[in-house]
Amino acid sequence: ECHGYNEGPGGVALFGVGRRYIPGATYLVTVRVRDDNESGAGFELSAETPTGHAGLFALADAVRTRFSGPGGSDTNYVTHSFDGVNDSVATWAANGNATSYPVLWQAPESDQGAVTLFGVGLTMNNNGQQLDDKYYYAYVTMQYAEPFDADGDTDGDLRDAAVLQRCLGYPV
């Protein structure tokens, strides 16, 4: 742990995921960290079930993000790189006192039950010390998408068939 917990007026949000995951589908997850009182930010993201980690992460931006652990050895977590934090500081005001980090997540190939993406954002005042840096967290829990449930309402019905027909280019 390199910073103490110190909640402030900002927040973290996860974009690009819905209520359900499709087995094997890849999602572009965006972690957005904001705080009007700070001047830069980092993050960490994981995907978990009650019994362990789920799915696979890939780096959508290998300059601003990396895997956690020594030498990037822990692929269960994606975090900011040194360059990512420096970029967040340089563009913080222009981005509305916020920064965003893109991450690719591939859903499990089979039904793993509920999968929760946990995102933590760390905002900083860029004074080189840990004092007054602030943590924020957000999470999104997704359920397994049943086959032929194109609209995510947990049943296979005529609306699902219409969605699939449109996706395949057939008139509805």
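Relevant structure appears above.
Note that the coordinates shown come from a computational prediction; the quantities given were computed from them, not determined experimentally.

**Here's the deal with the overall build of the protein chain**
Each helix and strand counted, the protein chain has 2 helices and 11 strands in total. Evaluated residue by residue, the protein chain yields a buried proportion of 36% over its 172 residues. In the protein chain, 67% of the contacts between residues at least 6 apart in sequence involve partners at least 24 apart. Of the accessible surface of the protein chain, which amounts to about 9,400 Å², a share of 54% is contributed by carbon and sulfur atoms.

**Focus on the packing of aromatic side chains**
Remark: the centre distance and the inter-plane angle together describe each pair of aromatic rings, the angle taken between the planes. As enumerated under the stated definition, the model contains 5 aromatic pairs in all. Considering the side-chain rings of Tyr-21 and Trp-105, the 6.4 Å spacing of their centres and the 80° angle between planes classify their relative orientation as edge-to-face. Taken together, the residues Tyr-21 in strand β2 (residues 20-21) and Trp-105 in strand β9 (residues 98-106) connect sequence positions 84 residues apart. Exposure class is identical for Tyr-21 and Trp-105. Each is buried.

**Notes on the pattern of salt bridges**
The full count for this structure, using the stated rule, is 2 salt bridges. With a shortest N-O distance of 2.8 Å, Glu-38 and Lys-134 are connected by a salt bridge. Within this pair, whereas Glu-38 is found in the loop between β3 (26-34) and β4 (40-49), its partner Lys-134 is found in strand β11 (residues 134-144), the two being separated by 96 residues in sequence. Note that Asp-87 and Arg-64 form a salt bridge whose closest N and O atoms lie 2.9 Å from each other. Within this pair, whereas Asp-87 is found in helix α1 (residues 82-91), its partner Arg-64 is found in the loop between β6 (56-59) and β7 (65-68), the two being separated by 23 residues in sequence. For Asp-87, a relative accessible area of 30% translates into the label partly exposed. When its relative accessible area of 12% is taken as the criterion, Arg-64 is described as buried.

**Quick word on the pairing of strand β10 (residues 115-124)**
β10 sits mainly inside the fold: 8 of its 10 residues count as buried. Summarising the sheet, β4 and β10 pair through 9 bridges and their orientation is antiparallel. For Gly-40, the partnering residue across the bridge sits in β10 and is Met-124.

**Concerning unusual backbone geometry**
One non-glycine residue, Asn-97, lies in the positive phi region at around 60°. The topology assignment puts Asn-97 in the loop between α1 and β9. Classification of Asn-97 as partly exposed rests on a relative accessible area of 23%.

**Here we look at the environment of Val-29**
Along the chain, Val-29 falls in strand β3. Distance from Val-29 to Leu-117, taken between C-alpha atoms, is 9.5 Å for residues 88 residues apart in sequence. Other than its neighbours up to four places away in sequence, Val-29 contacts Phe-15, Val-17, Leu-45, Tyr-101, Pro-102, Val-103, Trp-105 and Leu-117.

**Examining the sheet that holds β9**
The 4 strands lie next to each other as β1-β3-β9-β6, forming an open sheet whose pairing is antiparallel. The open sheet has two free edges, formed respectively by β1 (11-15) and β6, since each of these has just one partner strand. Taking the axes of each pair of neighbouring strands and ignoring which way they run, one obtains an average angle of 30° across the sheet. Strand direction decides the pairing type here: β6 and β9, joined by 4 bridges, are antiparallel. Its bridge partner lying in β9, Ala-58 is registered against Leu-104.

Conventions adopted
- Residues numbered from 1 in each chain as written.
- Predicted model: local features only at pLDDT ≥ 70, side-chain atom pairs only at ≥ 80, totals over all residues.
- Heavy atoms only, no water.
- Helix = DSSP H or I, 4+ residues; strand = E, 2+ residues; numbered from the N terminus.
- Buried < 20%, exposed > 50% of the residue type's maximum accessible area, 1.4 Å probe, protein only.
- Contact = heavy atoms within 4.5 Å.
- Areas by Shrake-Rupley, 256 points an atom, 1.4 Å probe, with all protein chains shown as cover.
- Phe/Tyr/Trp six-rings, centres within 6.5 Å; stacked < 30°, edge-to-face > 60°.
- Salt bridge = Lys/Arg side-chain N within 4 Å of Asp/Glu carboxyl O.
- Pairing = 2+ DSSP bridges.
- Axes fitted to C-alpha atoms, helices over the stretch in contact; angles between N-to-C directions.

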